[in-house]
Amino acid sequence: MAKDPTHQFQIQTIGEPILVGPLDLTFTNSSLFMVLASAAIILLLMVSTSRRALVPGRMQSMAEISYEFVADMIRSTAGSDGLRFFPFVFTLFGFILMANMLGMFPYFFTTTAQIVVTSALALLVFFIVIGYGVFKNGFGFLRVFVPSGVPIYILPFVVLIEVISFISRPVSHSVRLFANMLAGHILLKVFAGFVASMAGIGLVGVLGASLPLFMTVALTALEFLVAFLQAYVFAILTCIYLNDALHPGH
Amino acid sequence: MSDPNKPKRDASISELDEFEQRLQARRATHQAQNAKREPSEAERGGLAAGLRYGGEFAAGVLIGAGLGFLVDLATGAPPWGLFIGAMLGFAAGVRNVVRAAQDLNAKGSPPDGA
């Protein structure tokens with residue numbers, strides 16, 4: 001049980017089950033860590049912007065750097081008018097980054113390693129893109145399915161393929177974050193499990209266990225990079241998709 | 001009385017200018033180094049890029065086949081919907097991969113860090 005690498009992803013209910021009609025709204029360890037991630041990012045930003053100094057301190061610089069980071073990301077992918085989505089993209093980025101980072105604590109639950117969480121986020125982006133694209137461009141939004149410079153006789157096929165490609169976006173969008181977090185945490189657990197089981201077989205084992213231990217340390221560092229990078233990738237893909245809603249027809 | 005002061009001020013100004021130039025040169029090289037060190041997703045091992053291509057392709061195929069299957073259910077026809085849907089899905093998957101590759105190539109040198 002202790003060495004089961006997927007045990008860490010099991011959902012456990014906290015408190016009484018809450019059933020609203022057909023919906024199961026029971027509070028779980030996954031919900032707890034989503035609440036913690038939201039609370040952590042809100043608290044961090046509130047504390048760091050509470051004393052707005054002209055010369056920023058450490059916390060304030062961090063808040064300003066993260067603001068600039070996301071704003072630059074939106075400007076470079078979706079243009080300046082994409083900045084109206086800044087609150088949305090920043091919220092996504094902050095939440096995913098916090099959830100990933102909280103998952104790096106031992107015994108903490110990684111909510112972003114649950115496909116239901118990542119696909120809910122990806123579908124939210126998907127429907128916002130469709131909703132805003134239709135709201136802003138009307139039928140002009142359909143130009144997103146018609147690449148320029150395609151001969152008329154193969155256009156129906158190309159449009160079909162583009163439609164399928166468009167619908168497949170939330171799949172790859174959500175699976176990337178989910179798979180990266182899941183694979184990373186399983187890998188860490190497997191190598192850490194090697195340490196425990198090798199050290200249990202005597203002196204030679206203890207010497208040999210230093211190899212997976214070293215690997216675990218290296219993987220932990222890599223996982224911190226992945227935790228940040230996947231939050232960044234999720235946010236930048238969101239920007240790229242929002243760009244389609246803002247400027248369809250490339 | 002003002003004579004001994006004046007050349008001194010000039011000297012300090014030219015010293016400032018010189019300092020400014022040195023600072024600019026240092027910052028330029030520093031930024032160049034930073035830009036080089038930031039690992040873009042394409043460089044960060046083949047694993048990440050491979051996972052991305054695989055995911056994009058699989059997503060296209062799955063969605064294409066799924067839509068075809070839905071068409072089958074709706075029309076109650078023989079497996080032609082699934083068949084054609086899977087074919088179109090393969091094409092969509094290739095389209096996704098091409099787009100992802102273009103994206104990764106364009107991001108070879110990210111404009112503002114990874």
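As the structure is a computational prediction, the values presented were derived from the model and not from experiment.

Across its full length, chain B carries 3 helices and 0 strands. When the helices and strands of chain B are placed in sequence order, the string is α-α-α. Of all 114 residues assigned to chain B, the portion counted as buried reaches 20%. Restricting the contact set of chain B to residue pairs at least 6 apart, pairs at least 24 apart contribute 63%.

Regarding its fold elements, chain A presents 7 helices and 2 strands. In chain A, the order of α-helices and β-strands from amino to carboxyl end is β-β-α-α-α-α-α-α-α. Projected onto the principal axes, the alpha-carbon positions of chain A cover approximately 75 × 55 × 45 Å. Long-range pairs, those at least 24 residues apart, make up 66% of the contacts in chain A with a sequence separation of at least 6.

Right, let's talk about the environment of Ala 49 of chain B for a bit. Assignment of secondary structure puts Ala 49 of chain B in helix H2 (residues 45-75). In the structure, Ala 49 of chain B is positioned 55 residues away from Leu 104 of chain B in sequence and 8.2 Å away in space, judged by C-alpha atoms.

What follows covers the packing of helix H2 (residues 58-78) of chain A against helix H3 (residues 86-103) of chain A. Residues and elements named next belong to chain A. Put simply, H2 and H3 touch, their axes get as near as 10 Å, and they point 120 degrees apart. In terms of their interaxial angle, H2 and H3 are classed as oblique. Judged by the twist between their axes, the crossing of H2 over H3 is right-handed. Where H2 abuts H3, its residues Val 70, Ala 71 and Ile 74 lie against Phe 86, Val 89, Phe 90 and Phe 93.

Let's shift gears to the interface of chain B and chain A. Bring the parts together and some accessible area is lost; that lost area is often taken as the interface size. The interface of chain B with chain A comprises 19 residues on the first partner and 14 residues on the second. Taken together, the residues of the side of chain B that touches chain A break down into 9 nonpolar, 5 polar and 5 charged.

Residue and element names in this part refer to chain A. Running from N to C, helix H1 (residues 29-48) and H3 cross one another at 115 degrees; their axes reach a closest spacing of 8 Å. Of the two possible hands of crossing, H1 and H3 adopt the one that is right-handed. Taking contact as the criterion, the partners of Phe 33, Met 34, Leu 36, Ala 37, Ser 38, Ala 40 and Ile 41 in H1 are, on H3, Gly 94, Phe 95, Met 98, Ala 99 and Leu 102. Considering only residue class, the contact of H1 with H3 consists of 10 nonpolar, 2 polar and no charged.

The nonpolar side chains of a soluble globular protein tend to be buried with one another. Residues and elements named next belong to chain A. Of all hydrophobic cores here, the largest spans 50 residues; its most connected members are Val 89, Leu 92, Phe 93, Ile 96, Ala 235 and Cys 239. Top element by residues in this core is helix H7 (residues 203-246). It accounts for 11 residues. Setting aside residues up to four positions removed in sequence, Phe 93 forms contacts with Val 70, Ala 231 and Ala 235.

Glancing now at the confidence of the model for chain B. All names here are of chain B. Across chain B, the average pLDDT comes to 76, with 71% of residues at or above 70. In this model, residues 109-114 is a region of pLDDT below 50 whose contacts with residues beyond four sequence positions or in other chains number 10 contacts. Prediction confidence for the complex, expressed as pTM and ipTM, is 0.79 and 0.73 respectively.

When the terminal C-alpha atoms of helix H3 (residues 80-106) of chain B are compared, their 39 Å separation across 27 residues agrees well with the 39 Å that a helix rising 1.5 Å per residue should span. For H3 of chain B, every residue scored as buried is listed here: Gly 81, Leu 82, Gly 85, Leu 88, Gly 89, Ala 92, Gly 93, Arg 95 and Asn 96 of chain B.

Now for H3 of chain A. All names here are of chain A. Taking 1.5 Å per residue as the helical rise, H3 with its 18 residues ought to reach 26 Å, and the 25 Å between its terminal C-alpha atoms agrees with that figure. By the burial criterion, the buried members of H3 are Val 89, Phe 90, Leu 92, Phe 93, Gly 94, Phe 95, Ile 96, Leu 97, Met 98, Ala 99, Asn 100 and Gly 103. Lining the buried residues of H3 we find H1, H2, helix H4 (115-137), helix H6 (169-199) and H7.

Take the environment of Asn 180 of chain A next. All names here are of chain A. By secondary structure assignment, the location of Asn 180 is in helix H6. Each C-alpha atom of the pair Asn 180 and Tyr 132 lies 29 Å from the other, and the pair is 48 residues apart in sequence. In contact with Asn 180, not counting residues within four places along its chain, are Val 226 and Gln 230.

Below, the discussion takes up unusual backbone geometry. Phi is positive for Tyr 107 of chain A, which is not a glycine, with a value near 70 degrees. Turning to its location among the elements, Tyr 107 of chain A is positioned in the loop between H3 and H4.

Thresholds, definitions, all that
Residues numbered from 1 in each chain as written. Chains lettered and ligands numbered in written order. Predicted model: local features only at pLDDT ≥ 70, side-chain atom pairs only at ≥ 80, totals over all residues. Helix = DSSP H or I, 4+ residues; strand = E, 2+ residues; numbered from the N terminus. Buried ≥ 20, exposed ≤ 12 C-beta atoms within 10 Å, placed from the backbone. Contact = placed C-beta atoms within 7 Å. Axes fitted to C-alpha atoms, helices over the stretch in contact; angles between N-to-C directions. Parallel < 35°, antiparallel > 145°, perpendicular 65-115°, else oblique. Left-handed = near helix turned anticlockwise from the far one by under 90°. Nonpolar A, V, L, I, M, F, W, Y, C, P; charged D, E, K, R; others polar. Core = buried A, V, L, I, M, F, W, Y, C linked by C-beta atoms within 7 Å. pLDDT = per-residue confidence, 0-100. Expected span 1.5 Å × (residues − 1).

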